[in-house]
Amino acid sequence: MPLFLLLLLLLPNTPLHAQGDADVGRELARRWCTACHVVDREGTGADAGPPLPSLLAGKRSAEEIEGWLADPHPPMPNLDLSRQEIDDIMAYLQSLTGQ
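Residues numbered from 1 in each chain as written. Predicted model: local features only at pLDDT ≥ 70, side-chain atom pairs only at ≥ 80, totals over all residues. Heavy atoms only, no water.

K.L.:
Just to check I follow, could you spell out the overall build of the protein for this structure?
P.N.:
Check the secondary structure of the protein and you find five helices and zero strands. Along the protein, from the amino end to the carboxyl end, the secondary structure elements read α-α-α-α-α. Looking at the protein as a whole, 27% of its 99 residues qualify as buried. Considering only intrachain contacts with a sequence separation of at least 6, the fraction spanning at least 24 residues in the protein is 53%. In the form shown here, the protein has an accessible surface area of approximately 6800 Å², with 58% of it arising from carbon and sulfur atoms. (Helix = DSSP H or I, 4+ residues; strand = E, 2+ residues; numbered from the N terminus. Buried < 20%, exposed > 50% of the residue type's maximum accessible area, 1.4 Å probe, protein only. Contact = heavy atoms within 4.5 Å. Areas by Shrake-Rupley, 256 points an atom, 1.4 Å probe, with all protein chains shown as cover.)

Below, the structure written as structure tokens:
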């Protein structure tokens, strides 16, 4: 058996991409995003930017939003989010749209 296949069998069953936690993402959104965005279905936050519950239902794909969070452009501030924080926020956004 080739060494590569043997290593695959021995590795734990973990995803290559980190999984996001929607509850953590909700708290991050409430902490960092409410100054400009409505962050939930209850209307928490401001309306200077697009409401977060509608982001994935709009013209942008999840990949585009992830890219935006990783490298935002003005007027959005650079929050210097970690990969895990982006995954958590994306999990929260997906929970808002039922994806």
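K.L.:
What should I look at first to understand the nonpolar core in this one?
P.N.:
Nonpolar side chains tend to gather and get buried jointly when the protein is soluble and globular. Judged by nonpolar contacts, the single largest core of 17 residues is most densely connected at Leu-52, Ile-65, Leu-69, Met-90 and Leu-93. Counting residues per element, the ones that place at least two in this core are helix 2 (22-32), helix 3 (52-55), helix 4 (62-70) and helix 5 (83-97). Residues contacting Leu-93, with those up to four places away along its chain left out, are Leu-52, Leu-55, Leu-56 and Ile-65. (Core = buried A, V, L, I, M, F, W, Y, C linked by side-chain atoms within 4.5 Å.)

K.L.:
Explain the packing of aromatic side chains to me, please; I cannot follow it from the model alone.
P.N.:
For any two aromatic rings, the description comes down to two numbers: the centre-to-centre distance and the angle of the planes. Counted under the stated rule, the structure contains zero aromatic pairs. Cation over ring: Arg-31 sits above Trp-32, and NZ or CZ is 5.3 Å from the ring centre. (Phe/Tyr/Trp six-rings, centres within 6.5 Å; stacked < 30°, edge-to-face > 60°. Lys NZ or Arg CZ within 6 Å of the ring centre and 35° of its normal.)

K.L.:
Explanation requested: the packing of helix 2 against helix 5 in the structure shown.
P.N.:
Two elements in contact, helix 2 and helix 5, have axes separated by 7 Å at closest approach and are oriented at 100 degrees. Taken together, helix 2 and helix 5 sit at an angle that is classed as roughly perpendicular. Every residue of helix 5 that contacts helix 2 at Ala-22, Val-24, Gly-25, Arg-26, Leu-28, Ala-29 and Trp-32 is listed here: Glu-85, Asp-88, Ile-89, Ala-91, Tyr-92 and Ser-95. In the contact of helix 2 with helix 5, the residues fall into eight nonpolar, two polar and three charged. (Axes fitted to C-alpha atoms, helices over the stretch in contact; angles between N-to-C directions. Parallel < 35°, antiparallel > 145°, perpendicular 65-115°, else oblique. Nonpolar A, V, L, I, M, F, W, Y, C, P; charged D, E, K, R; others polar.)

K.L.:
What is the right way to look at unusual backbone geometry in this model?
P.N.:
Comment: phi is negative for the bulk of residues other than glycine, and the bulk of peptide bonds are trans. At the junction of Pro-74 and Pro-75, the peptide bond is cis and its omega measures out at 15 degrees in the coordinates. Among the secondary structure elements, Pro-75 is positioned in the loop between helix 4 and helix 5. With phi around 55 degrees, Asp-80 is a residue other than glycine that occupies positive phi space. Within the secondary structure, Asp-80 is located in the loop between helix 4 and helix 5.

K.L.:
Teacher, can you tell me more about the side chain of Asp-40 here?
P.N.:
Looking at where Asp-40 falls in the secondary structure, it is placed in the loop between helix 2 and helix 3. Judged by its relative accessible area of 6%, Asp-40 is buried. Among the polar contacts made by the side chain of Asp-40, one reaches the main-chain amide nitrogen of Gly-43 at a distance of 3.0 Å. Residues contacting Asp-40, with those up to four places away along its chain left out, are Arg-30, Pro-53 and Tyr-92. (Polar contact = N/O pair within 3.5 Å; in protein donor to acceptor, adjacent residues only side chain to side chain.)

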